[in-house]
Amino acid sequence: MPLVNSKEMFAKAYAGGYAIGAFNVNNMEIIQGIVEGAQMEKAPVILQVSAGARKYANHTYLMKLIEAAIQESGLDIVVHLDHGPDFATCKSCIDGGFTSVMIDGSHLPFEENIRLTKEVVEYAHARGVTVEGELGRLAGVEDDIKVSAADSSYTRPEEVEEFVTKTGVDSLAIAIGTSHGAFKFKGEPLLRFDILEEVEKRLPDFPIVLHGASSVIPEYVEMINQYGGKMDNARGVPEEMLRKAASMAVCKINIDSDLRLAFTGVVRKHFVEHPDHFDPRQYLGEARTALRDMVRHKIVHVLGCNNKG
Ligand code: G3H
Ligand code: 13P
Ligand code: ZN
């Protein structure tokens, strides 16, 4: 199986009422844990790389690890740039073998977002690469940028047709109340499904993307707190809300914080229980297994994309 772009994957997900998991990758153990979980569930998967991940791990190292994952697993895998900040970063990822990119112009005025997104789409489509755009602004932390709740804004459904038509994007990320990171809601979780429904009506058969969609799994938050960490008031998107979104127009669900929490929880526990261990394979191996099992759970119980690979 070669690397694929997201076109066919999303068409099948839309028609089948399920979503594909887009997991953020930063190192070998994270890639292996995700891909092994997807392989066990015969699920298509998107491995996404942020600008920060490229800076941390190096583009070529990540690409070679992903190539190895495809060779070993035989799965359909999309390698996607997460939150592309500008044209140059998107171009560098496309030239370097990514099959999908996000250009995140959500902080720009509407017309500027259209202009930048269109420029990326023209470059990407000429090379068989799919493009995700964004309208509306999520709260939370991405790379070093922190968007406060006051600066966040829901997607305006009345803008989506013009944006999609003028830019030619293949998928659209929208803001309906999710946010990046582990502290998503102060009170009861609330997602604006009315906005999603309105977008769905205006863009029939068009794949929608949900960012900030980790559930902040309580088991791992508790593990972190129990073994010396401090993650009070961490709260994510309830699984039943994600399942509902996946049954609607949402074809891609982004998950990073849950990977971080599982990884960190398991490593913290390992060191407390084995203060004499100093072989990284012992604690990184345990973290990798936890990621694999968490990804399997997401695929089967949240995304519904098992046996769709
Ligand atoms: O949306 C952001 C993702 O969680 C990636 O985070 O930019 O710190 O790699 P990062
Ligand atoms: P979480 O912080 O909810 O995992 O969201 C990740 C994300 O949207 C990456 O683009
Ligand atoms: Zn995001």
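Keep in mind that this is a model prediction, so the values were computed, not measured.

**Considering the overall build of the protein**
(1) Moving on: Check the secondary structure of the protein and you find 12 helices and 10 strands.
(2) Moving on: The C-alpha radius of gyration of the protein comes to 18 Å, within 12% of the 19 Å expected for a compact globule of 309 residues.
(3) Moving on: Overall, the protein is about 60 × 45 × 35 Å in size when its C-alpha atoms are taken along their principal axes.
(4) Moving on: In the protein, once contacts between residues fewer than 6 apart in sequence are set aside, the share between residues at least 24 apart is 76%.
(5) Moving on: Accessible surface for the protein amounts to roughly 13600 Å². Of this, 51% is attributable to carbon and sulfur atoms.
(6) Moving on: Once the 33 positive and 44 negative side-chain charges of the protein are each reduced to a mean point, those two points are 0 Å apart.

**Here we look at empty space enclosed by the protein**
(1) Moving on: Under the counting rule described, the total for this entry stands at 1 cavity of 30 Å³ or more.
(2) Moving on: There is about 30 Å³ of room inside the largest cavity.
(3) Moving on: Here the lining of the largest cavity is built from residues that sort into 3 nonpolar, 4 polar and 2 charged.

**Re the packing of aromatic side chains**
(1) Moving on: Taken as a whole, this structure holds 3 aromatic pairs when the rule is applied.
(2) Moving on: Here the aromatic rings of Phe87 and Tyr123 are separated by 5.7 Å at their centres, their planes lie at 80 degrees, and the arrangement is edge-to-face. Pair noted here: Phe87 is in helix H5 (residues 87-95) and Tyr123 is in helix H6 (residues 110-125), with a separation of 36 residues, a long-range link.
(3) Moving on: Exposure remark for Phe87: the relative accessible area of 22% places this residue in the partly exposed category.

**Digging into the sheet that holds strand S3 (residues 77-84)**
(1) Moving on: Taken in spatial order, the 8 strands line up as S1-S2-S3-S4-S5-S8-S9-S10 and close into a barrel, and their pairing is parallel. For this sheet, the mean inter-axis angle between neighbouring strands, taken without regard to orientation, is 25 degrees.
(2) Moving on: Direction of pairing for strand S2 (residues 45-50) relative to S3: parallel, over a ladder of 6 bridges. Within S3, the position partnered with Gln48 by the bridge is His80.
(3) Moving on: Strands strand S4 (100-103) and strand S5 (130-135) of the sheet are contacted by H6, whose axis makes an angle of about 170 degrees with S5.

**Here we look at the coordination of the zinc ion (ligand 3)**
(1) Moving on: The protein atoms that coordinate the zinc ion (ligand 3) are His83 (NE2), His180 (NE2) and His211 (ND1), at distances of 2.1 Å.
(2) Moving on: Read from N- to C-terminus, the donor residues coordinating the zinc ion (ligand 3) fall into the pattern H-x96-H-x30-H. Taken together, the residues His83 in strand S3 and His211 in the loop between strand S9 (208-210) and helix H9 (218-226) connect sequence positions 128 residues apart.

**Quick word on the site of ligand 2**
(1) Moving on: In the neighbourhood of ligand 2, 15 residues make up the surrounding shell, with Asp82, Lys184, Ser214, Asp256 and Ser257 lying closest.
(2) Moving on: Between ligand 2 and the protein, one listed contact pairs an oxygen atom with a side-chain N or O atom of His180 at 3.1 Å.
(3) Moving on: In the environment of ligand 2, an oxygen atom lies 2.6 Å from a nitrogen or oxygen atom belonging to the side chain of Ser214.
(4) Moving on: Taken by itself ligand 2 offers 310 Å² of open surface, and the protein chains cover 96% of this.

**A few points about the packing of helix H2 (residues 28-40) against helix H4 (residues 59-73)**
(1) Moving on: Where H2 contacts H4, the axes come no closer than 10 Å and their chain directions differ by 25 degrees. Put simply, H2 runs roughly parallel to H4. The interaxial crossing formed by H2 with H4 has right-handed handedness. On H4, the residues that touch Met28, Ile31, Val35 and Gln39 of H2 are Leu62, Leu65, Ile66, Ala69, Glu72 and Ser73.

Cut-offs and rules
- Residues numbered from 1 in each chain as written.
- Chains lettered and ligands numbered in written order.
- Predicted model: local features only at pLDDT ≥ 70, side-chain atom pairs only at ≥ 80, totals over all residues.
- Heavy atoms only, no water.
- Helix = DSSP H or I, 4+ residues; strand = E, 2+ residues; numbered from the N terminus.
- Rg over C-alpha atoms; globule rule 2.2 N^0.38 Å.
- Contact = heavy atoms within 4.5 Å.
- Areas by Shrake-Rupley, 256 points an atom, 1.4 Å probe, with all protein chains shown as cover.
- Lys, Arg positive; Asp, Glu negative; His and termini not counted.
- Charge placed at Lys NZ, Arg CZ, Asp CG, Glu CD.
- 1 Å grid on protein atoms, 1.4 Å probe; cavity = no way out; pocket = protein on both sides within 12 Å on 5 of 7 lines; lining within 4 Å.
- Points joined across faces, edges and corners; volume = space filled by probe spheres on them.
- Nonpolar A, V, L, I, M, F, W, Y, C, P; charged D, E, K, R; others polar.
- Phe/Tyr/Trp six-rings, centres within 6.5 Å; stacked < 30°, edge-to-face > 60°.
- Buried < 20%, exposed > 50% of the residue type's maximum accessible area, 1.4 Å probe, protein only.
- Pairing = 2+ DSSP bridges.
- Axes fitted to C-alpha atoms, helices over the stretch in contact; angles between N-to-C directions.
- Donors = N, O, S within 2.8 Å, 3.2 Å for Na, K, Ca; no water.
- Near = heavy atom within 4 Å.
- Polar contact = N/O pair within 3.5 Å; in protein donor to acceptor, adjacent residues only side chain to side chain.
- Parallel < 35°, antiparallel > 145°, perpendicular 65-115°, else oblique.
- Left-handed = near helix turned anticlockwise from the far one by under 90°.

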